[in-house]
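Residues per chain, in single letters:
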Amino acid sequence: MEKHRIYTTSFASVYPHYVAKAERKGRTKAEVDQIICWLTGHDQAGLEAQLDQKVDFETFFSDAPRLNPSRALIKGVVCGVRVEDIEEPIMREIRYLDKLVDELAKGKAMGKILREA
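Read on for an overview of the structure.

Each value, and the rule that gives it
Residues numbered from 1 in each chain as written. Predicted model: local features only at pLDDT ≥ 70, side-chain atom pairs only at ≥ 80, totals over all residues. Heavy atoms only, no water. Core = buried A, V, L, I, M, F, W, Y, C linked by side-chain atoms within 4.5 Å. Buried < 20%, exposed > 50% of the residue type's maximum accessible area, 1.4 Å probe, protein only. Helix = DSSP H or I, 4+ residues; strand = E, 2+ residues; numbered from the N terminus. Contact = heavy atoms within 4.5 Å. Axes fitted to C-alpha atoms, helices over the stretch in contact; angles between N-to-C directions. Parallel < 35°, antiparallel > 145°, perpendicular 65-115°, else oblique. Left-handed = near helix turned anticlockwise from the far one by under 90°. Nonpolar A, V, L, I, M, F, W, Y, C, P; charged D, E, K, R; others polar.

## Notes on the nonpolar core
Residues Phe11 and Leu97 are the most contacted members of the largest nonpolar core, which totals 36 residues. Going through the elements one at a time, helix H1 (11–24), helix H2 (29–40), helix H3 (44–53), helix H4 (57–62), helix H5 (89–105) and helix H6 (110–113) are the ones with two or more residues in this core. In terms of residue count, H5 provides more of this core than any other element does, eight residues in total. Beyond its immediate stretch of four places on either side in the chain, Phe11 contacts Tyr18, Ile36, Leu47, Leu51, Val55, Asp56, Phe57, Phe60 and Leu97.

## Concerning the packing of H1 against H2
Two elements in contact, H1 and H2, have axes separated by 9 Å at closest approach and are oriented at 125 degrees. Judged by the inter-axis angle, H1 sits oblique to H2. When the axes of H1 and H2 are compared, the crossing they make is right-handed. Residues Phe11, Tyr15, Tyr18, Val19, Ala22 and Glu23 of H1 pack against Lys29, Val32, Asp33 and Ile36 of H2. Its residues placed into classes, the contact of H1 with H2 shows seven nonpolar, no polar and three charged.

Next comes the structure, spelled out in structure tokens:
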């Protein structure tokens, strides 16, 4: 089966869209970064290095320092597909991120977005 083109898309090319979506709804770039770091285990410097290197989505998630185990608590629909039903691991990680940014843009509290108890 052929890989989806998002796998070879530069994470840095999509990142500004995540930030713009959040900012249109009164949220901040810092909050987007916090979500990404929570999900992937990157610190701010690591995230910025990934953006500077223009790594693709597959590499971004494959090389993530520590994918957050609480990400399995992310449920819901993105692009008409339930994220918890996506079998392909990298696509599921991408959709987890999409879902978290959607929740941020919808005004959810950071504690709920980051699945804090």
